[in-house]
Amino acid sequence: MAATEPALDLMFSQDLISSEVVKQLPPGLTMRPLASTDYKRGHLSVLSVLSVVNDLGEDAWVAQFRALALPKTYYCLVIVDQATDKIVGVGTVFIEYKFLRGFGSVGHIEDIAVDKSQQGKKLGMRIIQALTHISENSGCYKTILNCSDANIPFYEKCGYTKKENEMAKYAPEQTHSPKL
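Here the residue numbering is sequential within each chain, running from 1 through the sequence in written order. The predicted origin of the model limits local features to residues at a pLDDT of at least 70 and limits the giving and counting of side-chain atom pairs to 80 or more, whereas totals for whole chains, interfaces and linings rest on all residues. Side-chain calculation: all heavy atoms of the structure are included, whereas hydrogens and water are not.

1. A closer look at the side chain of Asp38
Inference 1: Its place among the elements puts Asp38 in the loop between strand S1 (29-33) and helix H2 (43-47).
Inference 2: Throughout, exposure labels follow a simple rule: accessible area from a 1.4 Å probe, protein chains only, divided by the maximum for the residue type, with under 20% read as buried, over 50% as exposed, and the rest as partly exposed. Asp38 gets classed as buried once you look at its relative accessible area, which sits at 0%.
Inference 3: In the analysis that follows, any N or O atom pair within 3.5 Å is treated as a polar contact, provided that within protein one partner can donate a hydrogen and the other can accept it, and provided that, for residues neighboring in sequence, both atoms belong to side chains. Of note is the side chain of Asp38, whose polar atom sits 2.7 Å from the side chain of Arg32.
Inference 4: Any two residues having at least one pair of non-hydrogen atoms within 4.5 Å are treated as being in contact. Ignoring any residue separated from it by four or fewer positions in sequence, one finds Asp38 in contact with Arg32, Pro33, His43, Trp61, Val78 and Ile87. Runs of E in the DSSP output that reach at least two residues are strands. Runs of H or I that reach at least four are helices, and both are numbered from the N terminus.

2. Here's the deal with the nonpolar core
Inference 1: Counting 39 residues, the largest nonpolar core has Met31, Leu77, Ile79 and Ile127 as its most contacted members.
Inference 2: At the level of elements, S1, H2, helix H3 (58-68), strand S2 (74-81), strand S3 (86-97), strand S4 (105-114) and helix H5 (123-137) are the ones that each hand at least two residues to this core.
Inference 3: In terms of residues, this core owes the most to one element, H5, which gives seven residues. The criterion is simple. A nonpolar core is a set of buried Ala, Val, Leu, Ile, Met, Phe, Trp, Tyr and Cys residues joined through side-chain atoms within 4.5 Å.

3. Some remarks on the pattern of salt bridges
Inference 1: In what follows, salt bridge is the name for a side-chain nitrogen of Lys or Arg lying within 4 Å of a carboxyl oxygen of Asp or Glu. One pass over the structure, following the stated rule, counts seven salt bridges.
Inference 2: Here Asp85 ties to Arg41 by a salt bridge, and the two come within 3.2 Å at their closest N and O atoms. Taken together, the residues span a long stretch of sequence, with Asp85 in the loop between S2 and S3 and Arg41 in the loop between S1 and H2 at a distance of 44 residues.
Inference 3: The class of Asp85 is partly exposed, set by a relative accessible area of 35%.
Inference 4: A relative accessible area of 11% means that Arg41 is categorised as buried.

Honestly, it's all geometry; don't read function into it.
Right, dumping it as structure tokens:
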């Protein structure tokens, strides 16, 4: 790890990330929790390989980081190229606490993205493995994710199986701030 990393304001403890997964990363890359300074490292740029990303500026990004840094709820991690100090991979698991299954919990994996220049190095698989590890070690009885049909073979390689269907209803575009 870079010498400045211990001073980073991390979303959660580095200890929650599987050291076995980290050891499997290519040389020069490291995996760690999202840090409050990762806006400057290109976090949104990597996410843009997934969908439209509205860059509302660093202050808004930091405010969102603080909102997501709730204990035992959101776990966003990144892979950083140590030579450039730029983010090259991202992923999130959030924990849903339920009344079902004896007040069990479910891990939801979201927003898996790898910079186009780093694809083909199994970084996506390592992100999935690390997030699954966090979910399982948080006591979740299952970890789930949604993906396109084209990505099913990738997630099957990561140990996931196709189950049920996803439904979505997108809200109409808003011209005002949400009320909640």
